[in-house]
Amino acid sequence: MKNYLLVFVAMVVLAFFAGSGNAQPNNQSASGSGYNGQIKYPGFYQADLLYVKINGSKIIQAIPHHDRLKYVTCSDALDHLHREGKWQGHLKPDGSCASYDEPAEYTMGNRLNYDEQQTTN
């Protein structure tokens, strides 16, 4: 009888751990974000513009010198902006990478629209 009870407890424990895996919902990427840069999200912000918040500020502003990705030459920034719609770092006026000290938060308008949509749902 003890053997049956032990087998039963082991099966329950295994079933519990098997059901607690890291499965992602279909609309979410492995990073935990459901953002998809291929989809144009409706909202206040212009989807193809790059916006910045400096040093944790709540103020979001468009960037006059490189407001579109075609002006950004920093490959790390471009990779994150295309994939996630946001990046933390510094860009030089010519769009190349700068120091990571006290990074600014760069976000595409499309990502801002997506984030706004998520807070209202």
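Located above this text is the structure these notes cover.
Rules and cut-offs
Each residue is numbered by its place in its chain's sequence as written, counting from 1. For this predicted model, a pLDDT threshold of at least 70 governs which residues receive local features, and a threshold of 80 or more governs which side-chain atom pairs are given and counted, while totals over whole chains, interfaces and linings are taken from all residues. Just so you know, side-chain values use all the structure's heavy atoms and leave hydrogens and water out. Helical segments are the DSSP runs of H or I of at least four residues, strand segments are the runs of E of at least two, and each set is numbered from the N terminus. Whether a residue is buried, partly exposed or exposed follows from its accessible area with a 1.4 Å probe, protein chains only, as a fraction of its type maximum: under 20%, in between, or over 50%, in that order. Here, residues are in contact when the closest pair of their heavy atoms is within 4.5 Å. Following DSSP output, two strands are said to pair if at least two bridges run between them. A fitted line through C-alpha atoms serves as each axis, taken over the contacting stretch for helices, and the angle formed by two N-to-C directions is quoted from 0 to 180°. Think of a 1 Å grid over the protein atoms and nothing else: a 1.4 Å probe that fits but is trapped marks a cavity, an open set flanked by protein within 12 Å on at least five of seven lines marks a pocket, and residues with an atom within 4 Å of a point count as lining. Grid points are joined across faces, edges and corners, and a volume is the space filled by probe spheres set on the points. Amino acids are sorted into nonpolar (Ala, Val, Leu, Ile, Met, Phe, Trp, Tyr, Cys and Pro), charged (Asp, Glu, Lys and Arg) and polar (every other residue, Gly among them). Expected span, for any helix, means 1.5 Å times one less than how many residues it has. Here, a disulfide means two cysteine sulfur atoms that sit within 2.5 Å of each other.

Engineer: Tell me about the overall build of the chain, residues and numbers included.
Structural biologist: A tally of regular secondary structure across the chain gives three helices and four strands. Going from N to C terminus, the chain has its helices and strands arranged as α-β-β-α-β-β-α. The burial tally for the chain puts 26% of its 121 residues in the buried class. For the chain, contacts bridging at least 24 residues in sequence account for 44% of all contacts bridging at least 6.

Engineer: Residues and numbers for the sheet that holds strand β4 (residues 104-108), please.
Structural biologist: Pairing is antiparallel in the open sheet, where four strands are placed in the order β2-β1-β4-β3. In this open sheet, the two strands that pair with only one neighbour each are β2 (61-62) and β3 (86-89). In the packing of helix α2 (residues 75-83) onto the sheet, contacts are made with β1 (50-53), β3 and β4, and the angle to β3 comes to roughly 150 degrees. Its contacts with the sheet place helix α3 (residues 109-120) against β1, β3 and β4, and it is angled at close to 85 degrees to β4.

Engineer: Please give an account of the layout of surface pockets that cites residues and values.
Structural biologist: The space that makes up the largest pocket amounts to roughly 180 Å³. Tyr-35, Gly-37, Gln-38, Ile-39, Lys-40, Ala-47, Asp-48, Leu-69, Leu-81, His-82, Met-108 and Asn-110 are the residues that line the largest pocket. Class assignment of the residues belonging to the lining of the largest pocket gives a composition of six nonpolar, four polar and two charged.

Engineer: Lay out the pairing of β3 in plain terms, naming residues and giving numbers.
Structural biologist: Of the two faces of β3, only one is covered, namely that formed by Trp-87 and Gly-89; the face formed by Lys-86 and Gln-88 stays uncovered. For β3 and β4, the ladder comprises four bridges, and the chain directions are antiparallel. When the bridges of β4 are listed, Trp-87 appears paired with Tyr-106.

Engineer: Break down α3 for me, with residues and values.
Structural biologist: A rise of 1.5 Å per residue sets the reference length of α3, with its 12 residues, at 16 Å; its end C-alpha atoms lie 17 Å apart and thus fit the reference within 8%. Among the residues making up α3, those that are buried are Gly-109, Asn-110, Arg-111, Leu-112, Asn-113 and Tyr-114. On its buried face, α3 sits against β1, β3 and β4.

Engineer: Just give me the short version of the state of the cysteines, but keep the residues and values in it.
Structural biologist: All chains considered together, the criterion is met by one disulfide. The partner cysteine of Cys-74 in its disulfide is Cys-97, sulfur to sulfur 1.8 Å. On the sign convention where negative means left-handed, the S-S torsion of about 85 degrees between Cys-74 and Cys-97 marks this disulfide as right-handed. With a gap of 23 residues between them, Cys-74 in the loop between β2 and α2 and Cys-97 in the loop between β3 and β4 connect regions that are remote in the sequence. On the basis of relative accessibility, which here comes to 1%, the residue Cys-74 falls in the buried class.

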